[in-house]
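# Fold and contact review
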Amino acid sequence: MKVGVLGSGGVATTLANGFLKHGHEVMLGSRTPEKLKEWAATNSAGKTGTFADAAEFGEVVVLAVKGSAAWEALRRAGESNLSGKVVIDSCNPISDEPPANGVLRFFTTLNESLMEQLQKQFADARLVKAFNSVGAPFMINPQFEGGKPTMFICGNNEEAKKTVTGILDQFGWETADMGGAEAARAIEPLCMLWCIPGFLRNEWTHAFKLLRK
Ligand SMILES: NC(=O)c1ccc[n+]([C@@H]2O[C@H](COP(=O)([O-])OP(=O)(O)OC[C@H]3O[C@@H](n4cnc5c(N)ncnc54)[C@H](OP(=O)(O)O)[C@@H]3O)[C@@H](O)[C@H]2O)c1
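Everything in this summary refers to the structure shown in the same document. (Residues numbered from 1 in each chain as written. Predicted model: local features only at pLDDT ≥ 70, side-chain atom pairs only at ≥ 80, totals over all residues. Heavy atoms only, no water.)

The subject of this paragraph is the pairing of strand β2 (residues 25–29). Among the 5 residues in β2, 4 count as buried, and that is most of the element. Where strand β1 (residues 2–6) meets β2, 5 bridges bridge the pair, whose relative direction is parallel. Each residue of the ladder has a partner; that of Leu6, found in β2, is Gly29. Handedness of the β1-helix α1 (residues 10–21)-β2 crossover: right-handed. Pairing between β2 and strand β3 (residues 47–49): 3 bridges, direction parallel. Note on β3: the bridge partner recorded for Leu28 is Thr48. (Buried < 20%, exposed > 50% of the residue type's maximum accessible area, 1.4 Å probe, protein only. Helix = DSSP H or I, 4+ residues; strand = E, 2+ residues; numbered from the N terminus. Pairing = 2+ DSSP bridges. Right-handed = clockwise from strand over helix to strand, strands pointing away.)

Below, the structure is given as structure tokens:
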């Protein structure tokens, strides 16, 4: 697949590297593509460009930017470049205020998630929430003694979720589909839970697993 990754931070480069590792074509995008020179130098198979270049390039688009900038990044990517495409949304709506006793603060409410806002604003894109509930170092083929961890996903388009489930299979995850975009109200706060041991005890090496009978 051709994958356009919007972002220049740790999540964007980690996922870009994961897609390259699994044989996909990748273009990484930033407002200032010069920022991506270092990544390009060590990943000769990867391409770089603006958010719009990366979104146009991708059959699948990954959104991996600061939560408060997600709308702006998609606007710059261009509605027509996103239309009909799977957009994997890894963003968390973390506010700029400091955590309270290890608990991150969000700028959204429990009755409306960031992903629902983005899906409303970019109605023709097929958003799927994924990769937001684990730290970047564990996103690609994580190895845990307890077996494969679970990635919780949601989104309104069934085909799009099938595509993302296929990617998660390649990336060594078990997928739990939690339904439509509203489920992001529960999936986005998993990032708060994931970060608490980190902020309180400097423990950042875990992932969630859903146990079933
Ligand atoms: N770090 C983790 O381990 C982790 C794990 C799971 C989920 N997440 C979520 O994944 C997302 C990316 O996290 P990150 O740590 O890799 O990076 P980040 O520092 O949260 O975001 C960096 C990206 O945000 C973009 N950005 C910042 N302000 C912008 C603006 N005003 N307009 C457009 N774009 C703007 C930057 O674009 P430019 O390239 O143009 O500067 C850059 O690509 C976040 O939403 C985060 O909550 C992070």
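A sheet is described by the order of its strands in space; here 6 strands give the open sequence β3-β2-β1-β4-β5-β6, paired in parallel fashion. At either margin of the open sheet sits one strand with a lone partner, and together these are β3 and β6 (126–129). The average angle at which neighbouring strand axes cross in this sheet is 25°, direction not considered. Pairing of strand β5 (residues 86–89) with β6, which is carried by 4 bridges, proceeds in the parallel orientation. Considered in β6, the bridge of Val87 is made with Leu127. Sitting on the sheet, helix α6 (residues 114–121) is in contact with β4 (60–63), β5 and β6, with an inclination near 170° to β6. Seen against the sheet, helix α7 (residues 158–170) touches β4, β5 and β6 and runs at an angle of roughly 60° to β5. (Axes fitted to C-alpha atoms, helices over the stretch in contact; angles between N-to-C directions. Contact = heavy atoms within 4.5 Å.)

Quick look at the packing of aromatic side chains now. Taken as a whole and assessed by the stated rule, the structure comprises 5 aromatic pairs. Aromatic pair Phe138 and Phe144: ring centres 5.3 Å apart, planes at 35°, arrangement tilted. (Phe/Tyr/Trp six-rings, centres within 6.5 Å; stacked < 30°, edge-to-face > 60°.)

This paragraph deals with the packing of helix α4 (residues 70–77) against α6. At a minimum axis distance of 10 Å, the contact between α4 and α6 shows a crossing angle of 30°. The orientation of α4 with respect to α6, classified from their angle, is roughly parallel. Relative to α6, α4 is oriented so that their crossing is right-handed. Contact with α4, carried on its side by Ala70, Trp71 and Leu74, involves Leu114, Leu118 and Gln121 of α6 and no other residues of that element. For the contact of α4 with α6, the per-class residue count stands at 5 nonpolar, 1 polar and no charged. (Parallel < 35°, antiparallel > 145°, perpendicular 65-115°, else oblique. Left-handed = near helix turned anticlockwise from the far one by under 90°. Nonpolar A, V, L, I, M, F, W, Y, C, P; charged D, E, K, R; others polar.)

Let's shift gears to the layout of surface pockets. In this structure, the largest pocket occupies an estimated 630 Å³ of space. Around the largest pocket sit 37 residues that line it, and Val11, Ala64, Val65, Lys66 and Gly67 are the ones nearest its centre. For the lining of the largest pocket, the secondary-structure elements that each account for two or more residues are α1, α4 and α9 (190–201). Here the lining of the largest pocket gets 4 residues from one element, more than from any other, and that element is α9. Each residue belonging to the lining of the largest pocket can be placed in one class, and the counts come to 18 nonpolar, 14 polar and 5 charged. (1 Å grid on protein atoms, 1.4 Å probe; cavity = no way out; pocket = protein on both sides within 12 Å on 5 of 7 lines; lining within 4 Å. Points joined across faces, edges and corners; volume = space filled by probe spheres on them.)

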